[in-house]
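Listed below, chain by chain, are the residues.
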Amino acid sequence: MAVADPRTSTTPAHTPAAAPAAPVALGIGLAVLATLVWSGSFVTSRALGDSVPPVQHAFWRWVVALAVVAPFGARRAWRQRDLIRRHLGFVLLASLLGVTVYNTLVNQAGVTTPAANMGMIMAASPVLMAVFERAGGVRLGARRVAGLLVACAGVLLLVGGGASFSAGDLWMIAAACCFGSYSALLRRRPAGLDGAGFLFTTFLFGTVLLLPAQGVSLAVQGGFSPTPGTVLPLLYVGVASSAVAFFAWNRAISLIGPSRAGVVYYLQPVCVALLSWALLAEPTGWAQAGCMALILGGVVLGAATGAGPRR
């Protein structure tokens, strides 16, 4: 599967100013897809919290993801091995933040934290994305900042409306910071580094970095029973939440930037709350529905197509 990178393409001089509308729409659509798929992974982390140790959950997730991505990513990564070697520090940091640490923290949080809380806390990561992008010299624009604030207000009202916090929420706060940093880092992906090759490389490095923790977990906690109740969720997070969602999110970042994708990411607490209500019987109410509507309004406002970011 060929992956086009907009930083390596050229735009003819006669192309009208409105031409970027299509890439922006595609980027927003990919960000929505990743957000919807990842919402299910929070529910999965909560559901497996009592049966699969967090590190083993993360390890086998990435083993499955590697198997899915390898057929179209391994060869491209090999062809670009010199480029990867020159930017090894960047690739290792992206692997550590986005693969090794982030999902392990989420799984650890799922042991004690309701899935709805996990989704709400993760909604803090777009703020960090926007801060990093603004620090890099990107003007976010009044509409995007307004959408960010409206959606953030919805999240704060949702959290303050009766959500009960546990010690596991600290793990989710760390995970939100980790994911926001990873998303901001993607904006600096070296030009010419193929999307599929980059995905395979980060999955591979991230899995290797997990090996010591996996060994300790097996020695201390023992393994888990491979039943349909454990294997099927791991297949979901390995195929959909890893291979599909990470590819979609990375591509969205390259098309619309982390701050606009971050506004779309505010959909996640809404999706997680609905899924946790439907699948895990976690409670929800009219107050939460109102806050979710506020979040959705902020997403629509902040993700709307407008003038592109300027440096």
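Now for a look at the structure at hand. (Residues numbered from 1 in each chain as written. Predicted model: local features only at pLDDT ≥ 70, side-chain atom pairs only at ≥ 80, totals over all residues. Heavy atoms only, no water.)

## Comments concerning the environment of Ile 84
Structurally, Ile 84 is set in helix α3 (residues 81-86). The class of Ile 84 is buried, set by a relative accessible area of 9%. Along the chain, Ile 84 and Phe 198 lie 114 residues apart, while their C-alpha atoms are 8.3 Å from each other. If near-sequence neighbours (up to four positions away) are discounted, Ile 84 is found in contact with Ala 77, Val 91, Leu 193 and Thr 201. (Helix = DSSP H or I, 4+ residues; strand = E, 2+ residues; numbered from the N terminus. Buried < 20%, exposed > 50% of the residue type's maximum accessible area, 1.4 Å probe, protein only. Contact = heavy atoms within 4.5 Å.)

## Things to note about the nonpolar core
Counting residues in hydrophobic clusters, the biggest one holds 62 residues, and the most contacted among them are Phe 42, Tyr 102, Met 122, Met 172, Phe 179, Phe 203 and Trp 249. With 13 residues, helix α10 (residues 228-265) is the single largest residue contributor to this core. Setting aside residues no more than four positions away along its own chain, Phe 179 makes contact with Trp 38, Tyr 102, Met 122, Ser 125, Met 129, Trp 249 and Tyr 265. (Core = buried A, V, L, I, M, F, W, Y, C linked by side-chain atoms within 4.5 Å.)

## Observations concerning a nonpolar patch on the surface
On the surface, Leu 88, Leu 92, Leu 93, Leu 96 and Leu 209 cluster together into a nonpolar patch covering about 370 Å² of accessible area. Counting residues per element, the nonpolar patch draws most heavily on helix α4 (residues 88-109), which supplies four residues. Here Leu 96 is to be found in helix α4. Judged by relative accessible area, Leu 96 falls into the partly exposed class, the value being 34%. (Patch = residues over 30% accessible without salt bridge, like charges linked within 9 Å, V, L, I, M, F, W, Y side chains within 5 Å. Areas by Shrake-Rupley, 256 points an atom, 1.4 Å probe, with all protein chains shown as cover. Salt bridge = Lys/Arg side-chain N within 4 Å of Asp/Glu carboxyl O.)

## Comments concerning the side chain of Ser 183
The topology assignment puts Ser 183 in helix α8 (residues 168-186). For Ser 183, a relative accessible area of 0% corresponds to the buried category. Once you skip the residues sitting within four places of it in the chain, Ser 183 turns out to touch Met 129, Trp 249, Ile 253 and Pro 258.

## Structural notes on the pattern of salt bridges
Where charged atoms from two side chains of opposite charge approach closely, those side chains can pair. Going through the model one piece at a time under the given rule, you end up with two salt bridges. Residue Asp 194 pairs with Arg 76 through a salt bridge whose shortest N-O separation is 3.8 Å. Taken together, the residues Asp 194 in the loop between α8 and α9 (195-221) and Arg 76 in helix α2 (residues 54-79) connect sequence positions 118 residues apart. Judged by relative accessible area, which is 19%, Arg 76 ranks as buried. We note a salt bridge from Asp 82 to Arg 85, for which the minimum N-O separation is 2.7 Å. Of this pair, Asp 82 and Arg 85 both sit in helix α3, separated by three residues, roughly a single helical turn. On the basis of relative accessible area, Asp 82 is assigned to the partly exposed category, the value being 44%.

## A few points about the side chain of Asn 103
Structurally, Asn 103 is set in helix α4. Separated by 2.6 Å, the side chains of Asn 103 and Arg 61 make a polar contact. Beyond its immediate stretch of four places on either side in the chain, Asn 103 contacts Arg 61, Trp 62, Gly 98 and Phe 246. (Polar contact = N/O pair within 3.5 Å; in protein donor to acceptor, adjacent residues only side chain to side chain.)

## Here we look at the packing of helix α5 (residues 115-122) against α8
Taken N-terminus to C-terminus, the directions of α5 and α8 make an angle of 40°; their axes are 9 Å apart at the nearest point. Crossing geometry of α5 relative to α8 is assigned as right-handed. Seen from α5, the contacting residues are Asn 117, Met 118, Ile 121 and Met 122; seen from α8, they are Asp 169, Met 172, Ile 173, Ala 175, Ala 176 and Phe 179. Along the lines of polarity and charge, the residues of the contact of α5 with α8 split into eight nonpolar, one polar and one charged. (Axes fitted to C-alpha atoms, helices over the stretch in contact; angles between N-to-C directions. Left-handed = near helix turned anticlockwise from the far one by under 90°. Nonpolar A, V, L, I, M, F, W, Y, C, P; charged D, E, K, R; others polar.)

## Quick look at the packing of aromatic side chains
For any pair of aromatic rings, the description consists of the separation of the ring centres together with the inter-plane angle of the planes. Taken as a whole and assessed by the stated rule, the structure comprises 12 aromatic pairs. Pairing Trp 38 with Phe 246 gives two aromatic rings, centres 5.2 Å apart and planes at 80°, and the pair type is edge-to-face. Remark: Phe 246 occurs in helix α10 and Trp 38 occurs in helix α1 (residues 21-47); sequence separation between them is 208 residues. Phe 246 matches Trp 38 in its accessibility class, with the two residues each being buried. Between Phe 203 and Phe 246, the ring centres sit 5.9 Å apart and the planes meet at 80°, which makes this aromatic pair edge-to-face. Pair noted here: Phe 203 is in helix α9 and Phe 246 is in helix α10, with a separation of 43 residues, a long-range link. Like Phe 246, Phe 203 is buried. The rings of Trp 38, Trp 62, Tyr 102, Phe 179, Tyr 182, Phe 203, Phe 246 and Trp 249 are connected pair by pair, giving a single aromatic cluster. One cation-aromatic arrangement involves Arg 61 over Trp 62; the distance from NZ or CZ to the ring centre is 5.0 Å. Across from the ring centre of Trp 78, 4.1 Å away, lies the NZ or CZ of Arg 81, which sits over that ring. (Phe/Tyr/Trp six-rings, centres within 6.5 Å; stacked < 30°, edge-to-face > 60°. Lys NZ or Arg CZ within 6 Å of the ring centre and 35° of its normal.)

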